[in-house]
Amino acid sequence: MEYQDILKDWKQKKFKSIYWLEGEEDFFIDQVVNYAEHKLLDEAEKGFNLTVLYGKDADWSAVINACRRYPMFAEKQVVVLKEAQAMRDLLKLEPYIDHPLDSTIFVVAHKQGKLDGRSKMAKLIKDKGVLLSTKKLYDNQLPGWVEVYVREMGRAISQKAGILLVDHIGNDLSRIANEIDKLLVNLPNEKKIDEADIEKYVGISKEYNVFELQNAVGQQDFIKVMRIVNYFAANPKAGPVQMVIPALYNFFSKVNLIFGVKGGEKEIASTLGVHPFFVKDYMQAARQYGAEGTEKAILLLHTYNLRSIGINDSGVEDGELMKELMYKVMS
């Protein structure tokens with residue numbers, strides 16, 4: 001079950017007694033917890049029937065006692081246990097999970113860890129309620145996730161705008177969602193978010209960013225590369241060398257994998273672990289540089305990455321370091 005399935009059931013007034021939310025992706029867990037805390041009960045019911053506990057402060061007996069209370073002036077009560085991973089004697093909740101109260105909706109947020117699926121506790125949760133086990137999305141899944149998230153809000157986003165957002169923020173769904181929410185507030189009448197909107201409201205230049213630099217390097221467009229590098233030199237926060245070099249190293253490392261792939265774009269996308277939209281950029285770079293040029297670029301990026309943190313470097317400014325690196329990579 002996905003977190004959207006839980007929310008869909010709740011909106012249709014379909015409830016289980018236990019919801020155990022666990023795993024690596026906090027965003028999915030937070031979405032369910034926030035709904036449970038703020039929307040399962042109306043304002044009049046919350047005062048008597050909503051209990052929020054924290055694992056680092058509450059002991060197991062207090063949690064069970066809260067769950068065994070009956071609702072007042074309502075059909076259901078909601079008990080939310082946050083930070084369950086910090087609770088001592090967590091397994092002592094097992095007797096309640098084995099015999100939960102139908103009138104209690106017990107929501108447990110257990111972040112950055114998972115129950116052993118073979119354990120009695122895990123089997124009881126699956127039998128008596130819902131076990132939501134989350135994991136981080138792969139980088140190639142992020143643009144698609146952005147498109148779906150925006151669509152669920154009744155809007156659309158251009159593919160390039162989504163890529164710019166992901167490239168700037170990285171694999172942090174909470175931050176990405178927060179930026180999208182701000183965009184939607186600032187663009188109440190716009191049906192589709194584009195690159196200009198990202199530039200204006202998120203502060204990412206649609207022309208001068210690491211994604212555009214990567215493409216220009218892959219195409220061996222020396223003039224465009226130097227234009228972007230000069231912009232980064234004048235605006236260090238827009239493209240710090242400590243972010244640019246690892247991004248390019250990752251790019252060329254993926255390009256290098258292409259030389260061992262048998263098959264077409266689908267097989268390349270799978271091997272590289274990237275969205276199919278990006279494959280043409282990697283293939284073009286492979287054609288431009290060849291295997292030897294790609295290996296040379298990787299070695300140069302490794303060397304200059306060390307220089308960027310002060311190893312074997314005589315104190316060259318970051319901007320000059322990037323210019324020197326780009327010249328050597330493309331020569």
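The preceding data block contains the structure.
Residues numbered from 1 in each chain as written. Predicted model: local features only at pLDDT ≥ 70, side-chain atom pairs only at ≥ 80, totals over all residues. Heavy atoms only, no water.

Moving on to unusual backbone geometry. In this structure, Lys 13 takes a positive phi of about 65° despite not being glycine. Take Lys 13: it is sitting in the loop between α1 (3–11) and β1 (18–23). The class of Lys 13 is exposed, set by a relative accessible area of 59%. (Helix = DSSP H or I, 4+ residues; strand = E, 2+ residues; numbered from the N terminus. Buried < 20%, exposed > 50% of the residue type's maximum accessible area, 1.4 Å probe, protein only.)

Trp 10, Leu 21, Val 107, Trp 145, Ile 176 and Ile 198 are the most contacted members of the largest nonpolar core, which has 45 residues in total. Here the element with the most residues in this core is helix α2 (residues 26–38); it accounts for seven residues. If sequence neighbours within four positions are ignored, Trp 10 has contacts with Phe 15, Tyr 19, Val 32, Tyr 35, Ala 36, Leu 40 and Val 107. Judged by nonpolar contacts, the second largest core, of 41 residues, contains Phe 211, Val 217, Leu 301 and Met 322. (Core = buried A, V, L, I, M, F, W, Y, C linked by side-chain atoms within 4.5 Å. Contact = heavy atoms within 4.5 Å.)

Time to look at the sheet that holds strand β2 (residues 50–54). Pairing within the open sheet is parallel, and its five strands lie in the order β2-β3-β4-β1-β5. Only two strands of the sheet have a single partner each, and these edge strands are β2 and β5 (130–134). Shown here is a sheet whose adjacent strand axes are inclined to one another by a mean of 10°, direction ignored. (Pairing = 2+ DSSP bridges. Axes fitted to C-alpha atoms, helices over the stretch in contact; angles between N-to-C directions.)

Taken as a whole and assessed by the stated rule, the structure comprises 12 salt bridges. A salt bridge links Glu 94 to Lys 120; its shortest N-O distance comes to 3.6 Å. In this pair, Glu 94 is assigned in helix α5 (residues 94–98) and Lys 120 in helix α6 (residues 120–128), connecting sequence segments 26 residues apart. Here Glu 324 makes a salt bridge to Arg 307, at a shortest N to O gap of 2.9 Å. A residue pair is termed long-range when its members are at least 10 positions apart, and Glu 324 in helix α16 (residues 318–330) and Arg 307 in helix α15 (residues 279–308) qualify at 17 residues. Taking the relative accessible area as the measure of exposure, Arg 307 reaches 14% and is therefore buried. Overlapping salt bridges bring together Lys 160, Glu 212 and Lys 224 as one network. (Salt bridge = Lys/Arg side-chain N within 4 Å of Asp/Glu carboxyl O.)

With their axes 11 Å apart at the nearest point, helix α7 (residues 142–152) and helix α9 (residues 173–186) run at an angle of 40° to one another. In terms of orientation, α7 lies oblique with respect to α9. Seen along the crossing, α7 lies across α9 with a hand that is right-handed. In contact with Leu 142, Trp 145, Val 146, Tyr 149 and Val 150 of α7, α9 contributes Leu 173, Ile 176, Ala 177, Ile 180 and Asp 181. Residues of the contact of α7 with α9, tallied by class, amount to nine nonpolar, no polar and one charged. (Parallel < 35°, antiparallel > 145°, perpendicular 65-115°, else oblique. Left-handed = near helix turned anticlockwise from the far one by under 90°. Nonpolar A, V, L, I, M, F, W, Y, C, P; charged D, E, K, R; others polar.)

Inspection of the entire model under this criterion finds 17 aromatic pairs. Between Tyr 3 and Phe 28, the aromatic rings sit 5.1 Å apart at their centres with planes inclined by 20°, giving stacked as the arrangement. Of this pair, Tyr 3 sits in helix α1 while Phe 28 sits in helix α2; the two residues are 25 residues apart in sequence, bridging distant segments of the chain. For Tyr 3, a relative accessible area of 5% corresponds to the buried category. With a centroid separation of 4.4 Å and an interplanar angle of 15°, the aromatic rings of Tyr 208 and Tyr 231 are classed as stacked. A residue pair is termed long-range when its members are at least 10 positions apart, and Tyr 208 in the loop between α10 (195–201) and α11 (210–218) and Tyr 231 in helix α12 (residues 222–234) qualify at 23 residues. Accessibility expressed as a relative area gives 28% for Tyr 231, which makes it partly exposed. (Phe/Tyr/Trp six-rings, centres within 6.5 Å; stacked < 30°, edge-to-face > 60°.)

Once that is clear, we can look at a nonpolar patch on the surface. A cluster of nonpolar side chains, namely Phe 48, Met 72 and Phe 73, defines an oily patch on the protein surface of about 380 Å² accessible area. Position of Met 72 among the secondary structure elements: in the loop between α4 (60–68) and β3 (77–82). (Patch = residues over 30% accessible without salt bridge, like charges linked within 9 Å, V, L, I, M, F, W, Y side chains within 5 Å. Areas by Shrake-Rupley, 256 points an atom, 1.4 Å probe, with all protein chains shown as cover.)

Turning our attention to the environment of Asn 65. Looking at the element boundaries, Asn 65 is found in helix α4. Taking relative accessible area as the criterion, Asn 65 reaches 49% and is therefore assigned partly exposed. Taking the C-alpha atoms as reference, Asn 65 lies 9.5 Å from Tyr 96; in sequence the two are 31 residues apart.

It is the contact of α11 with α12, at a shortest axis distance of 9 Å, that shows an interaxial angle of 150°. As judged from the angle between their axes, α11 and α12 are roughly antiparallel. Crossing hand, α11 versus α12: left-handed. Of the residues in α12, those in contact with Val 210, Glu 212, Leu 213, Ala 216 and Val 217 of α11 are Lys 224, Val 225, Ile 228, Val 229 and Phe 232. For the contact of α11 with α12, a count of residues per class yields eight nonpolar, no polar and two charged.

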